[in-house]
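Examination of the molecular architecture
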Amino acid sequence: MNILLIEDEKKIAQFVTKALTEVGHEVVSILRGDEGLTAATTKPYDIIILDLALPGVDGIEILRAVRERSISTPVLILTARGSKDDRIQGLDEGADDYLPKPFAMEELIARVHALTRRVGAQKSPILRMADLVLNETTRDVFRSGTKLYLSIREYGLLNFLMHNPGRAFTRTELCEHVWKSALDDETNAVDVYIQRLRRKVDEDFPVKLIQTIRNIGYMMQETSVEAPVATAA
Ligand code: CA
């Protein structure tokens, strides 16, 4: 699991990061609320562990911003504000679980794993965008009912982008998320795979799903065909 931890108490942050890393998770630890807000709304994570009292932006505001953007990543609130009202507010704003401080590390890990299972159980194997359908169980991809034949790398890239519709990624991010490595010529490699995907996924269809975002990289989103520009005779 790729976990975002937003917690300003350095000791707790280090302790949680160490414990979760030891059981095999990747943890990005952020100590400020404003930076946490940016991370939570611009990068994909499997779980967000969120403190409430934070410098910059409050945890509840971060939670609200995440849910307003329809980001459904499970959020576990971790805070000293353990009163019933605080708990209710957190859950009302879209948190999935709540753990008051002080807490035992075993309990935090157990709750993170419970959230992971819950999300995994709800997850449908079918991803859709316009008439593009990807089945994660069979790894079949269809566009307008026509089966597309993708290589493992093309499939991995498409799968990742379809999981994050409307979110732009840099070439470096795509390399890290899709292939778990930083390739030497990553820019070139991503461009090559995007080009191949476009040929298979978009070329023969009026609605283009793979978008180039200037100065950033790529994203997938359904946009209608641009109307032809009228030219003066
Ligand atoms: Ca705090």
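Bear in mind that the values here come from a model prediction, so they are computed numbers and not experimental data.

What follows is about the coordination of the calcium ion. Surrounding the calcium ion are the protein donor atoms Asp8 (OD), Asp51 (OD) and Ala53 (O), at 2.1 to 2.4 Å. The class for aspartate 8 is partly exposed, based on a relative accessible area of 30%. For alanine 53, a relative accessible area of 39% gives the class partly exposed.

A separate point is helix α1 (residues 10–22). Taking 1.5 Å per residue, 13 residues should reach 18 Å; α1 reaches 18 Å between its end C-alpha atoms and fits that length. Restricting attention to buried positions, one finds in α1 the residues Ile12, Ala13, Val16, Thr17, Ala19 and Leu20. Where α1 ends, the next residue or the one after it, glycine 24, has phi of about 100°, a positive value.

This next bit is on the nonpolar core. In this structure, Leu132, Leu157, Leu158, Met162, Leu174 and Met220 are the most contacted members of the largest nonpolar core, which totals 26 residues. At the level of secondary structure, the elements contributing two or more residues to this core comprise β6 (126–129), β7 (132–135), α6 (152–163), α7 (171–179), α8 (186–201) and β12 (217–220). In terms of residues, this core owes the most to one element, α6, which gives six residues. In contact with methionine 220, other than residues within four places in its own chain, are Met129, Leu132, Leu158, Leu161, Met162, Pro165, Gly166, Leu209 and Ile210. Counting residues in hydrophobic clusters, the runner-up holds 20 residues, among them Leu4, Ile30, Leu50 and Ile77.

Okay, the sheet that holds strand β11 (residues 210–213) next. Taken in spatial order, the three strands of this open sheet run β10-β12-β11, and their pairing is antiparallel. For this open sheet the edge positions go to β10 (169–170) and β11, each flanked by a neighbour on one side alone. Pairing between β11 and β12: four bridges, direction antiparallel. Residue pairing in the sheet places threonine 212 in a bridge with tyrosine 218 of β12. Docked against the sheet, α6 engages β10 and β12, running at close to 70° with respect to β12.

As a further point, take α6. Here α6 spans 16 Å end to end across 12 residues, near enough to the 16 Å set by a 1.5 Å rise per residue. Taken together, the buried positions of α6 are Glu154, Tyr155, Leu157, Leu158, Asn159, Phe160, Leu161 and Met162.

Here we take up the pairing of β7. Here β6 pairs with β7 via four bridges, running antiparallel. When the bridges of β7 are listed, leucine 127 appears paired with leucine 134. Turn length for the β6-β7 hairpin, with the two strands adjacent in sequence and antiparallel, is two residues, and the turn residue alanine 130 shows positive phi of about 50°. In the sheet, β7 pairs with strand β8 (residues 140–143) via four bridges, with the strands oriented antiparallel. Bridge pairing links leucine 132 to arginine 143 in β8. From the end of β7 to the start of β8, which pair antiparallel, there are four residues, and arginine 139 there has a positive phi angle of about 60°.

The strand order across the open sheet formed by five strands is β2-β1-β3-β4-β5, and the pairing between neighbours is parallel. In this open sheet, the two edge strands, each paired with only one partner strand, are β2 (26–30) and β5 (97–100). Across the sheet, the mean angle from the axis of one strand to that of its neighbour is 20°, orientation sign disregarded. For strand β1 (residues 2–6) and β2, the ladder comprises five bridges, and the chain directions are parallel. When the bridges of β2 are listed, isoleucine 6 appears paired with isoleucine 30.

Moving on to the domain arrangement of the protein. Under the domain assignment used here, the protein contains domain 1 (2–122) and domain 2 (126–231). Spacing between the C-alpha centres of domain 1 and domain 2 amounts to 30 Å. Contacts between domain 1 and domain 2 engage six residues on the former and six residues on the latter. With both sides pooled, the region where domain 1 packs onto domain 2 buries about 440 Å², and carbon together with sulfur makes up 50% of that total. Seen at the junction of domain 1 and domain 2, the total is one salt bridge. Between domain 1 and domain 2 we count two residue pairs in polar contact (both at pLDDT 80 or more) in total. Among the elements that make up the side of domain 1 that touches domain 2, the one with the highest residue count is helix α2 (residues 33–42) (three residues). Within the side of domain 1 that touches domain 2, the residues separate by chemical class into two nonpolar, three polar and one charged.

Here is what the cut-offs are and how they apply
Residues numbered from 1 in each chain as written. Predicted model: local features only at pLDDT ≥ 70, side-chain atom pairs only at ≥ 80, totals over all residues. Heavy atoms only, no water. Donors = N, O, S within 2.8 Å, 3.2 Å for Na, K, Ca; no water. Buried < 20%, exposed > 50% of the residue type's maximum accessible area, 1.4 Å probe, protein only. Helix = DSSP H or I, 4+ residues; strand = E, 2+ residues; numbered from the N terminus. Expected span 1.5 Å × (residues − 1). Core = buried A, V, L, I, M, F, W, Y, C linked by side-chain atoms within 4.5 Å. Contact = heavy atoms within 4.5 Å. Pairing = 2+ DSSP bridges. Axes fitted to C-alpha atoms, helices over the stretch in contact; angles between N-to-C directions. Domains from an automatic or database assignment. Buried area = accessible area lost by both parts, 1.4 Å probe. Salt bridge = Lys/Arg side-chain N within 4 Å of Asp/Glu carboxyl O. Polar contact = N/O pair within 3.5 Å; in protein donor to acceptor, adjacent residues only side chain to side chain. Nonpolar A, V, L, I, M, F, W, Y, C, P; charged D, E, K, R; others polar.

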